[in-house]
Amino acid sequence: MKIAYLGLGIMGSGMVGNLLQAGHSVTVWNRTPDRCTPLVEKGATQADTPAQAVANAEIVMYCLSNEEAIADTVFGEDGILSGVHQGQIAIDMSTVHPNTSRREAVAYAEKGVEFIDAPVFGSKNESAAGGLWIVVGGKKEVFEKVKPILESLSETIHYMGETGMGATMKLVGNAVVISQIEALGEAMILAKKAGLNPQDVLDVLHVTDFKSPIFDGMGSTLVKRDFSTSFALKWLLKDANLIAQLAQDNNSPIPAIALARETVKAAVNHGWGEENASAAIKALELQAGIEIK
């Protein structure tokens, strides 16, 4: 199919690579144009503006960093909405508040364009390997039309309900992620201060009934002091703030997540926002006066 893909960060670049490999014709756009070059070399076409990128597409897909990027790229001058037309389908794969998804759906409907929110779980490696986990909100019949495209990007796809439910599920899932990072940091610091070898602790965590891929992946890089970015800490803080907003909207208690959000906030304030999300644990290490290594 003819696909426009906008937003070529760590996640978007990997997804476009898989779309090209699946045989789709892909036009790409990114605010930093140089990021398009490796994908153009693989067969993609580069557009100068979002409106130009989507003009001839059947499917419009994008994964953008935050709500401000959505405002600029979708609603702004020469944005997606100025270039779309009746009969197209737009898929927002960004992590946003569900109200943003609903606002997008209304704006697209005025243009005769169908819309689904389809954010993803996973990071750099899963995106490149086509192993993401995708959660979808929107009309079921529209979801079924685009499901084959999403299958080329994912390990599993989960239809969650009406517009905004994909975005809601993404925030619920990220609430678990944030809690696990906090738990890993607190436990590993306690283990270190109590005299345990951190690698021995990770070996136990790997085989117990509370094992987790997050414990495995982040635990290993923590011990190695490798904070190279798969998912930036600054985006974890953005998600934590969205979770807090969603909880406030629904009068839902999140005491543990609120505490973890403060840890993430402290780590960003220490200047580690561009590092991997596991750098949140460095804020706990400062409190403890040790490093896990």
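Note that the coordinates shown come from a computational prediction; the quantities given were computed from them, not determined experimentally.

> Describe the overall build of the chain, naming the residues involved and giving the relevant values.
Counting its regular elements, the chain contains 13 helices and 9 strands. For the chain, the C-alpha radius of gyration of 20 Å lies close to 19 Å, the compact-globule estimate for 293 residues. Looking at the chain as a whole, 51% of its 293 residues qualify as buried. In the form shown here, the chain has an accessible surface area of approximately 13400 Å², with 52% of it arising from carbon and sulfur atoms.

> Explain the environment of Ser154 residue by residue, including any values.
Summarising the element assignment, Ser154 is placed in strand β9 (residues 154–161). Take Ser154: its relative accessible area is 11%, and that puts it in the buried class. Taking the C-alpha atoms as reference, Ser154 lies 8.5 Å from Ala129; in sequence the two are 25 residues apart. The residues touching Ser154, leaving out its near neighbours within four places in the chain, are Gly130, Gly131, Leu132 and Ile134.

> So, the packing of aromatic side chains: which residues are in play, and what are the values?
Scanning the entire structure with this criterion turns up 2 aromatic pairs. Over the ring of Phe75 we find Arg103; its NZ or CZ atom is 3.9 Å from the centre of that ring. One cation-aromatic arrangement involves Lys282 over Phe227; the distance from NZ or CZ to the ring centre is 4.6 Å.

> Any chance you could break down unusual backbone geometry for me, citing the residues and the numbers?
Although it is not a glycine, Arg225 sits at a positive phi angle of roughly 60°. Exposure remark for Arg225: the relative accessible area of 22% places this residue in the partly exposed category. The phi angle at Asn251 is positive, at roughly 50°, despite the residue not being glycine. Residue position: Asn251 is located in the loop between α11 (233–249) and α12 (255–272).

> Can you lay out the nonpolar core for me, pointing to particular residues and giving the numbers?
By size, the foremost hydrophobic cluster in this structure holds 37 residues, and its most contacted members are Ile181, Leu184, Met188, Leu233, Leu236 and Ile292. Listed by contribution, the elements that provide at least two residues to this core are α8 (165–193), α9 (198–207), α10 (213–224), α11, α12 and α13 (280–288). Counting residues per element, this core draws most heavily on α8, at 8 residues. If we skip the residues at most four places from it in the chain, Ile181 touches Ile214, Met218, Leu236, Ala277, Ala280 and Ile281.

What counts as what
- Residues numbered from 1 in each chain as written.
- Predicted model: local features only at pLDDT ≥ 70, side-chain atom pairs only at ≥ 80, totals over all residues.
- Heavy atoms only, no water.
- Helix = DSSP H or I, 4+ residues; strand = E, 2+ residues; numbered from the N terminus.
- Rg over C-alpha atoms; globule rule 2.2 N^0.38 Å.
- Buried < 20%, exposed > 50% of the residue type's maximum accessible area, 1.4 Å probe, protein only.
- Areas by Shrake-Rupley, 256 points an atom, 1.4 Å probe, with all protein chains shown as cover.
- Contact = heavy atoms within 4.5 Å.
- Phe/Tyr/Trp six-rings, centres within 6.5 Å; stacked < 30°, edge-to-face > 60°.
- Lys NZ or Arg CZ within 6 Å of the ring centre and 35° of its normal.
- Core = buried A, V, L, I, M, F, W, Y, C linked by side-chain atoms within 4.5 Å.

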